[in-house]
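# Architecture and fold: a report
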Amino acid sequence: MPEVLIPVGPSDRLDWVKKTLSSAVSLNLSRVIVYDNSEREDLSQLIDQFNVVHVKDKRMKQVNMARLRNKLISLARERVVVLMDSDVVIKSASNLIRKVEEEGYSFSWMHYAYSEDEMNKPTEVGENNPNLGCASLDLEAIKKVGMFDEKYARDEDVWVYSKLRKEGMKVGSIEERCLHLNRSHERKDLRTPNTSAIS
């Protein structure tokens, strides 16, 4: 049965992490692993309130999302995992997992909604930007392409999407959304650049 993997960092909001962990535990998958490099006591105490595997590490001197993803997936025991960022809520991961387990996708993701009203909003034309914040991965496929290339400190989602496609593997989104609690990542339309640092 798939596992859920969640990174928690030093700038994460306590209330968002709480909602994310509640969501992750409610998915009823084999286990939830939280990779915590926040070095924050309040976050550590919050994480310990949940039935999760809590892995603590030192804060990164410089954020490298590819390195963070590699550390996170190195903790997994299962072939198929669900990745959640620490500011998202997933109501159900069943279709996300089915895309990987039954349809043979290596990387599948949900698009973001920024309010409950947007959760059932259909995907727009051109809204096919991959993300790892609400995603499912086949870790055998990720290992075949050499994990995440740590030369790319950001845009690790686009890099792995391109690498998997180049290798002829199936990648794609599902017609469901997850709730992104951080509205600073919101794009009002597809022509508006996303200027946020990390999604």
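For the structure itself, look to the data block above.
Owing to the predicted nature of the structure, the values given are computational and were not obtained by experimental measurement.

For Glu39, which is not glycine, the phi torsion reads 55° and is therefore positive. The topology assignment puts Glu39 in the loop between strand E2 (32-36) and helix H2 (41-47). Its identity as a non-glycine residue notwithstanding, Asp155 has a phi of 55°, on the positive side. Mapped onto the elements, Asp155 comes out in the loop between helix H5 (139-144) and helix H6 (156-166).

For the rest of this paragraph, the subject is the nonpolar core. The tendency in soluble globular proteins is for nonpolar side chains to be buried side by side. Within the largest apolar cluster, 30 residues are counted, with the highest numbers of intra-cluster contacts made by Val4, Ile6, Val82, Met84 and Ile90. Elements with a minimum of two residues in this core: strand E1 (3-8), helix H1 (14-26), E2, H2, strand E4 (80-84), helix H4 (94-101), strand E6 (105-113) and strand E8 (170-180). Val82 has contacts with Glu3, Val4, Leu5, Leu29, Ile90, Ala93, Leu96, Ile97, Ala135 and Ser136, leaving out every residue within four places of it along the chain.

What follows covers H4. Taken together, the buried positions of H4 are occupied by Leu96, Ile97, Lys99 and Val100. Down the axis, H4 shows its buried residues gathered within 150° of arc, on one side only.

Applying the stated criterion across every chain, the model contains four aromatic pairs. On the basis of an interplanar angle of 50° and a centroid distance of 4.9 Å, the ring pair of Phe107 and Trp109 is categorised as tilted. Looking at Phe107, the relative accessible area reads 0%, which means it is buried. Between the aromatic rings of Trp109 and Tyr161, the centroid separation amounts to 5.8 Å while the plane-to-plane angle is 80°, which identifies the pairing as edge-to-face. Here Tyr161 lies in helix H6 and Trp109 lies in strand E6, a separation of 52 residues in the sequence. Both residues of the pair, Trp109 and Tyr161, count as buried. One aromatic cluster is present, formed by Phe107, Trp109 and Tyr161 through successive ring pairs.

Rules of the game
- Residues numbered from 1 in each chain as written.
- Predicted model: local features only at pLDDT ≥ 70, side-chain atom pairs only at ≥ 80, totals over all residues.
- Heavy atoms only, no water.
- Helix = DSSP H or I, 4+ residues; strand = E, 2+ residues; numbered from the N terminus.
- Core = buried A, V, L, I, M, F, W, Y, C linked by side-chain atoms within 4.5 Å.
- Buried < 20%, exposed > 50% of the residue type's maximum accessible area, 1.4 Å probe, protein only.
- Contact = heavy atoms within 4.5 Å.
- Arc of directions from axis to C-beta.
- Phe/Tyr/Trp six-rings, centres within 6.5 Å; stacked < 30°, edge-to-face > 60°.

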